[in-house]
Amino acid sequence: MRWEIIKAEYVTSAVKASQFPLGEEPEVAFIGRSNVGKSSLINSLCRHSGLARTSSAPGKTRTVNFYRVTLKREDGLRRDLWLVDLPGYGYAQRSKSERQDLQDWTQHYFRESKRLRLVLQLLDIRRELQPLDQQVHNWLLAAGMPVQPVATKLDKLSRSAASAALRALGAKLGLPAGQAMLGYSSLTPAGRPELLQRLVEAVDFDGIDTV
Ligand SMILES: Nc1nc2c(ncn2[C@@H]2O[C@H](COP(=O)(O)OP(=O)(O)OP(=O)(O)O)[C@@H](O)[C@H]2O)c(=O)[nH]1
Ligand SMILES: [Mg+2]
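Residues numbered from 1 in each chain as written. Chains lettered and ligands numbered in written order. Predicted model: local features only at pLDDT ≥ 70, side-chain atom pairs only at ≥ 80, totals over all residues. Heavy atoms only, no water.

Bringing helix 5 (residues 192-203) into the picture now. Helical periodicity: at 3.6 residues per turn, an α-helix aligns residues three or four positions apart in one direction. With twelve residues, helix 5 extends 17 Å from end C-alpha to end C-alpha; this agrees with the ideal 16 Å at 1.5 Å per step. When we look at burial in helix 5, the residues that qualify are Arg192, Leu195, Leu196, Leu199, Val200, Ala202 and Val203. Each buried residue of helix 5 lies within a common arc of 160° when the element is viewed along its axis, so the set occupies one face. At the C-terminal side of helix 5, aspartate 204 shows a positive phi close to 55°. (Helix = DSSP H or I, 4+ residues; strand = E, 2+ residues; numbered from the N terminus. Expected span 1.5 Å × (residues − 1). Buried < 20%, exposed > 50% of the residue type's maximum accessible area, 1.4 Å probe, protein only. Arc of directions from axis to C-beta.)

Here's what the structure looks like:
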């Protein structure tokens, strides 16, 4: 059955586990290079501009930000989940100590979050896969995280260039057979239904409901 997001609100920002909001609801996190479009994707997915702060200058998000989202199934059933916006990696203008802090908080987040069901790793569709993206991908897999790569800014390429770029990124990441890259644009509806579907599958709302 189809699900849609009916409500989304900012709850809190954290730099350590004791500041994570309480609750048993499943969680989906967004990670990627600074400026790749993580905060924009959250706003567009929730159809709530201004929910997460975005900027054309990289390095905007500096804390782990929690958004509580309510989804409604077409038969009326409602379920809540957390969307978590993480600071971007790879922003060279930051001081080394600040980069280290952000990396520590992010790794701390992955170690401490008990409700995490899916990590969406965002990659810019116009860029080749960078070594840091690959490192983060491998680190997440080694940590046992379910990772779904998503190419952002789909609107910047023609349809055929976008499909070629999706295939190339997927191949370079070494995605297993059966796992495809998803594409997304925060400016157009492209990719939104598929991403929403992936999210609902990962948190297994339908499964929970039938128990
Ligand atoms: N054309 C286009 N631009 C986008 C899209 N998504 C984001 N942008 C632009 O990319 C820039 C960065 O977006 P953010 O959402 O702030 O990026 P971020 O990944 O949260 O960045 P940090 O918080 O610095 O890590 C902004 O200028 C956005 O308008 C998209 O799908 N299409
Ligand atoms: Mg951001």
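What follows is about the site of ligand 1. The environment of ligand 1 is formed by 22 residues, the closest being Lys38, Ser40, Gly59, Asp155 and Ser186. Contact distances for ligand 1 include 2.9 Å between an oxygen atom and a backbone N or O atom of glycine 37. Summarising the interface, the protein chains cover 88% of the accessible area of ligand 1, which totals 660 Å² for the free molecule. Tallied by class, the residues present in the shell around ligand 1 amount to three nonpolar, 13 polar and six charged. (Near = heavy atom within 4 Å. Polar contact = N/O pair within 3.5 Å; in protein donor to acceptor, adjacent residues only side chain to side chain. Areas by Shrake-Rupley, 256 points an atom, 1.4 Å probe, with all protein chains shown as cover. Nonpolar A, V, L, I, M, F, W, Y, C, P; charged D, E, K, R; others polar.)

On to the sheet that holds strand 3 (residues 64-73). The strand order across the open sheet built from seven strands is 1-3-4-2-5-6-7, with neighbouring strands paired in mixed fashion. For this open sheet the edge positions go to strand 1 (3-14) and strand 7 (182-183), each flanked by a neighbour on one side alone. In terms of strand pairing, strand 2 (residues 27-32) meets strand 4 (residues 78-85) through four bridges, oriented parallel. Residue pairing across strands places glutamate 27 opposite tryptophan 82, the latter belonging to strand 4. (Pairing = 2+ DSSP bridges.)

Among the secondary structure elements, valine 11 is positioned in strand 1. Of the residues examined, valine 11 reaches a relative accessible area of 33% and is grouped as partly exposed.

This part takes up helix 4 (residues 159-173). Its 15 residues give helix 4 an end-to-end C-alpha distance of 21 Å, which sits within 8% of 21 Å, the value for a rise of 1.5 Å per residue. Against strand 5 (116-124), helix 3 (131-142) and strand 6 (147-152) lie the buried residues of helix 4. In the segment just after helix 4, glycine 174 is the residue with positive phi, at about 75°. (Contact = heavy atoms within 4.5 Å.)

In the structure shown here, the tally under the stated rule is eight salt bridges. One salt bridge in this structure joins arginine 68 and aspartate 80, with 3.0 Å as the shortest N-O distance. Residue arginine 68 is located in strand 3, and its partner aspartate 80 is located in strand 4; the two are separated by twelve residues in the primary sequence. Here arginine 68 falls in the partly exposed class, since its relative accessible area comes to 21%. Owing to a relative accessible area of 25%, aspartate 80 belongs among the partly exposed residues under this scheme. The network of salt bridges with common partners includes Glu4, Arg47 and Arg192. (Salt bridge = Lys/Arg side-chain N within 4 Å of Asp/Glu carboxyl O.)

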